[in-house]
Amino acid sequence: MIRLDRVTKMFGPITAVDAVDMEVPAGAVCVLLGPSGCGKTTTMKMINRLIPPSSGKIFVDGRDTAEIDEVTLRRSIGYVIQQIGLFPNKTVEDNICVVPDLLGWDRRKSRSRAAELLRMVNLDPGIFLKRYPKELSGGQQQRVGVVRALAADPPVLLMDEPFGAIDPINREVIQDEFMKLQAELKKTIVFVSHDIDEAVKMASRIAIFRDGRLIQYDTPDNILAHPTDAFVAEFVGSDRTLKRLRLVKVEDAMMKEPPRVRAEDTLDTALRLMEEHGHYAVVMVGPRGRARGLVRVEIARDKKGTVAEHQEPLPGVINIDDDLRTAVSLMFTHGVTWLACVDHDGFYKGYVSQRSITNALGATYRDD
Amino acid sequence: MAAARIMAAAKLMDVPSVRSGMRFAFIAGAFAFGAYLQARGVLSGILQHSSDVTYLARQHLALTAISGALAIGVGLPLGIVLTRQRFRRYANAVTQIVNLGTTIPTLAIIALAMSVFGIGAPPAIFGLFTLTLLPIVLNTIAGLRMVPPHLIEAARGMGMTPGQILRRVELPNAVFVILAGIRTALAINVGTVPLAFLIGGGGLGELIFTGIDLMEPTMLLAGAIPTALLAIFVDFAIGQCQYWLVPRGVNPLR
């Protein structure tokens, strides 16, 4: 979708971007990451020719951008900046419709599109359409800033640290909203950030820049698991393995088809099951398979009777759609080494233990 | 100590009962002053000149309107050009030159203009124009420079042409400051028009200067009071424009 072919930018004698080759596939979120002054913003701004490249070619959707009129090019690419840049003299509605108006869309069509877009980011059009930017909170303004870039439905979006100026709590919320939106819209996005956590969360690919050079361009997991050199390793942080926890879903790390007992089973059955699997506890499920409680090995060994009489409540369960970071956090919270995993309806699907997490993270290391 | 007293006085002004009391005192004072003038025969003296006043006031306003329109017509584009990338470096030099028009006494400019344009309205208009130009140019430049650069970047990134950026983003966001400049400029202009009489340009100056020469205070006042009222009226009218014409999102008054 977007291809950079030996793109170079010189500012006088200084090389800001040095022969960058890169390809962003359609529907991908590519995060350009690096310390300030590394050339990531310059690279992004060359895509819509806000900064003209000194040499090299950039292709958007197969077309050489140098051959498209720059105004036409920019109207076909969504653009979001850190300072949001809503026009204070225009209402929210007119701000969203800036590009459709430039393209000469029918007014009724663009205005109804504005209302639809506001609904997509959970802002009530009835309240917000006629407001001015100064009457909105920072988070609301940034939501409007994002949907403004989407107004003319461009296939490509450029975002320059769009969530950088928002407080951490709101930032998480807006990032999540945005990812949901992106899952639906599947735009091709080039996103500048200096925040590794944001990059790991949003990106399908991360490009790490240093001194104008593209050092590594890979999936977030590969960047965290196999940093190409000491600079990347240091930049992503010494806790990079912990960051990978975020990238793996519980479902992919859990042990499936776990042993289980029912309320009416005897403790003997439970004990046999535990010894068979080498476990020191087993989960009790309800009649239809929902996780209800657990039985410990020492109790099964010492006592007699049914499971129902000697079960304890589960110390914590985790949803299979959560990431491993949440799972590990829950383990530390409850002081346990394993967790029962359930789906949205509460059915018992498997368990994650510290060992299975280690295995999941180690999987890519062993591929070498 | 003095500052504290002013603060206290300012605070006192905020109390509603004090404020309404002051308003009552002001109206009562104005009424008493009017009654005093009436008793001294000054008011009837002024009203004697009423037909002169309306004729001259019209002339007065025409001088202001023509010179003001010219100053806006030149000052606004000049300010816009001087904030464009290519001409930005000339901004200081040009404002220095324009500044001369304000530094040189208006009377001197009018006298100099008379030697070129002769006697009558044209040299007066020229003098008023040079006087009015500076605040308009300066405020246009200041207003446009105050538009945050990220707004212009956002506009460029969304594919606006330079002309569209100027019309849809820069001017709407600068118009409040620009109008403030025009307001100041025209208020000064109205107050300076009486000098036009000295080179035969007409206006309410005719009553003022003739009143001085003839030592006739009622005639003097018949020129001076309408001049003051006109200045207040022009200031008020542009203030209303500022209130109603500037988009609500960038209007600090609304």
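Data block above holds the structure.
All values reported here derive from a predicted model rather than from experimental measurement. (Residues numbered from 1 in each chain as written. Chains lettered and ligands numbered in written order. Predicted model: local features only at pLDDT ≥ 70, side-chain atom pairs only at ≥ 80, totals over all residues. Heavy atoms only, no water.)

Trainee: Help me understand the overall build of chain B, please; the structure alone is not making it clear to me.
Mentor: What chain B contains, in helices and strands, is eleven helices and zero strands. Listing each helix as α and each strand as β along chain B from the N terminus yields α-α-α-α-α-α-α-α-α-α-α. The C-alpha atoms of chain B give a radius of gyration of 23 Å, which is well past the 18 Å a tight globule of 254 residues would have. Across its three principal directions, the C-alpha atoms of chain B cover 70 × 60 × 35 Å. Counting across all 254 residues of chain B, residues that qualify as buried make up 40%. In chain B, of all internal contacts separated by at least 6 residues, the share reaching a separation of at least 24 is 71%. In the structure as shown, chain B presents an accessible area of about 13900 Å², 72% of it carried by carbon and sulfur atoms. In chain B, the 17 positive side-chain charges and the 8 negative ones have mean positions that sit 17 Å from each other. (Helix = DSSP H or I, 4+ residues; strand = E, 2+ residues; numbered from the N terminus. Rg over C-alpha atoms; globule rule 2.2 N^0.38 Å. Buried < 20%, exposed > 50% of the residue type's maximum accessible area, 1.4 Å probe, protein only. Contact = heavy atoms within 4.5 Å. Areas by Shrake-Rupley, 256 points an atom, 1.4 Å probe, with all protein chains shown as cover. Lys, Arg positive; Asp, Glu negative; His and termini not counted. Charge placed at Lys NZ, Arg CZ, Asp CG, Glu CD.)

Trainee: What am I meant to see in a nonpolar patch on the surface here?
Mentor: Residue and element names in this part refer to chain B. On the surface, a cluster of nonpolar side chains totalling about 240 Å² of accessible area is made up of Val81, Phe87 and Tyr90. Looking at the secondary structure, you find Tyr90 in the loop between α4 (50–82) and α5 (91–103). Accessibility expressed as a relative area gives 39% for Tyr90, which makes it partly exposed. (Patch = residues over 30% accessible without salt bridge, like charges linked within 9 Å, V, L, I, M, F, W, Y side chains within 5 Å. Salt bridge = Lys/Arg side-chain N within 4 Å of Asp/Glu carboxyl O.)

Trainee: Which parts of the structure should I look at to understand the packing of helix α7 (residues 138–150) of chain A against helix α8 (residues 168–185) of chain A?
Mentor: When two helices pack together, you describe them by how their axes are tilted relative to each other and by the distance separating the axes. Residue and element names in this part refer to chain A. One way to put it is that α7 packs onto α8 with a least axis distance of 11 Å and a crossing angle of 20°. Relative to α8, the element α7 lies roughly parallel. As for how α7 packs across α8, the hand of that crossing is right-handed. Residues Gly139, Gln142, Arg143, Val146 and Leu150 of α7 form the contact with α8, whose own contacting residues are Val173, Ile174, Glu177, Phe178, Leu181 and Leu185. (Axes fitted to C-alpha atoms, helices over the stretch in contact; angles between N-to-C directions. Parallel < 35°, antiparallel > 145°, perpendicular 65-115°, else oblique. Left-handed = near helix turned anticlockwise from the far one by under 90°.)

Trainee: Any chance you could explain empty space enclosed by the protein here in plain terms?
Mentor: Where empty space is left becomes clear once a probe the size of a water molecule has been rolled over the atoms. Across all of its chains, the model carries three cavities of 30 Å³ or more by this definition. If you add up the space inside the largest cavity, you get close to 60 Å³. Looking at the largest cavity, the residues that line it are Arg74(A), Arg75(A), Ile77(A), Gly78(A), Tyr79(A), Val99(A), Arg148(A), Ala149(A), Ala152(A), Pro154(A), Gly157(B) and Met158(B). Residue assignment for the lining of the largest cavity shows that the elements contributing at least two residues are α2 (70–75), β6 (77–80) and α7 of chain A. (1 Å grid on protein atoms, 1.4 Å probe; cavity = no way out; pocket = protein on both sides within 12 Å on 5 of 7 lines; lining within 4 Å. Points joined across faces, edges and corners; volume = space filled by probe spheres on them.)

Trainee: Looking at this model, I keep getting lost on the layout of surface pockets. Mind explaining?
Mentor: In this structure, the largest pocket encloses a volume near 610 Å³. What lines the largest pocket is a set of 19 residues, and nearest its centre among them are Arg84(B), Gln85(B), Arg88(B), Ile152(B) and Glu170(B). Every element with two or more residues in the lining of the largest pocket is listed here: α2 of chain A together with α7 (121–145), α8 (149–157) and α9 (162–192) of chain B. Residues belonging to the lining of the largest pocket are distributed by class as follows: eight nonpolar, three polar and eight charged. Estimates place the volume of the second largest pocket at around 380 Å³. (Nonpolar A, V, L, I, M, F, W, Y, C, P; charged D, E, K, R; others polar.)

Trainee: Even after reading the chapter, I still don't get the sheet that holds strand β2 (residues 14–24) of chain A, so can you show me in this structure?
Mentor: Through backbone hydrogen bonds, the strands of a sheet pair up, either in parallel or in antiparallel fashion. Residue and element names in this part refer to chain A. Across the sheet, four strands lie side by side as β2-β1-β4-β5; this open sheet has antiparallel pairing. Since the sheet does not close on itself, it has two edges, and those belong to β2 and β5 (63–64), each with one partner. Judged from the seven bridges that link them, strand β1 (residues 2–11) and β2 form a sheet pairing that is antiparallel. Bridge pairing links Met10 to Thr15 in β2. Sitting on the sheet, helix α1 (residues 40–47) touches β1, β2 and β4 (55–60), and the angle it makes with β1 is about 120°. (Pairing = 2+ DSSP bridges.)

Trainee: Explain the pairing of strand β9 (residues 205–210) of chain A here, please?
Mentor: Remark: a regular strand shows side chains that alternate across the two faces of the sheet. All names here are of chain A. Looking at chain direction, strand β3 (residues 29–33) and β9 are connected through four bridges and run parallel. Its bridge partner being in β9, Cys30 is matched across the sheet by Arg205. Pairing analysis gives five bridges linking β9 to strand β10 (residues 213–218), with the strands arranged antiparallel. What sits directly across from Arg210, in β10, is Arg213. Between β9 and β10, which pair antiparallel and follow one another directly, the connecting turn spans two residues, one of which, Asp211, has a positive phi of 50°.

Trainee: So what exactly am I meant to see when it comes to the interface of chain A and chain B here?
Mentor: Accessible area lost when the parts come together is the quantity often used to give the size of an interface. If you look at the interface, chain A gives 24 residues, while chain B gives 22 residues. With both chains or domains summed, chain A and chain B bury close to 2100 Å², and 58% of this area falls on carbon and sulfur atoms. In this assembly, chain A and chain B are joined by two salt bridges. Its salt-bridge partner being Arg248(B), residue Glu135(A) comes within 3.2 Å of it at the nearest N-O pair. Across the chain A-chain B interface, the total number found is nine residue pairs in polar contact (both at pLDDT 80 or more). Looking at the side of chain A that touches chain B, the elements with two or more residues in it are α2, β6 and α4 (98–102) of chain A. (Buried area = accessible area lost by both parts, 1.4 Å probe. Polar contact = N/O pair within 3.5 Å; in protein donor to acceptor, adjacent residues only side chain to side chain.)

Trainee: I would appreciate a short explanation of the packing of aromatic side chains in the present structure.
Mentor: Each aromatic ring pair is specified by the distance between its two centres and by the angle formed by the two planes. For the coordinates displayed, the defined rule picks out eight aromatic pairs over all chains. Judged by centre distance (5.9 Å) and plane angle (65°), the rings of Phe163(A) and Phe178(A) are edge-to-face. You can see Phe163(A) sitting in the loop between β7 (156–160) and α8 and its partner Phe178(A) sitting in helix α8, a full 15 residues away along the chain. According to the relative accessible area criterion, Phe163(A) is buried, its value standing at 0%. The class for Phe178(A) is buried, based on a relative accessible area of 5%. Residues Phe87(B) and Tyr90(B) carry aromatic rings whose centres are separated by 6.4 Å and whose planes lie at 45° to one another, so their mutual orientation is tilted. (Phe/Tyr/Trp six-rings, centres within 6.5 Å; stacked < 30°, edge-to-face > 60°.)

Trainee: Before we go on, may I ask you to explain the environment of Arg108(A) in this structure?
Mentor: All names here are of chain A. As for its placement among the helices and strands, Arg108 is situated in helix α5 (residues 107–120). Residue Arg108 is classed as exposed on the basis of its relative accessible area of 70%. Once the C-alpha coordinates of Arg108 and Arg246 are considered, the two residues, 138 residues apart in sequence, prove to be 43 Å apart.

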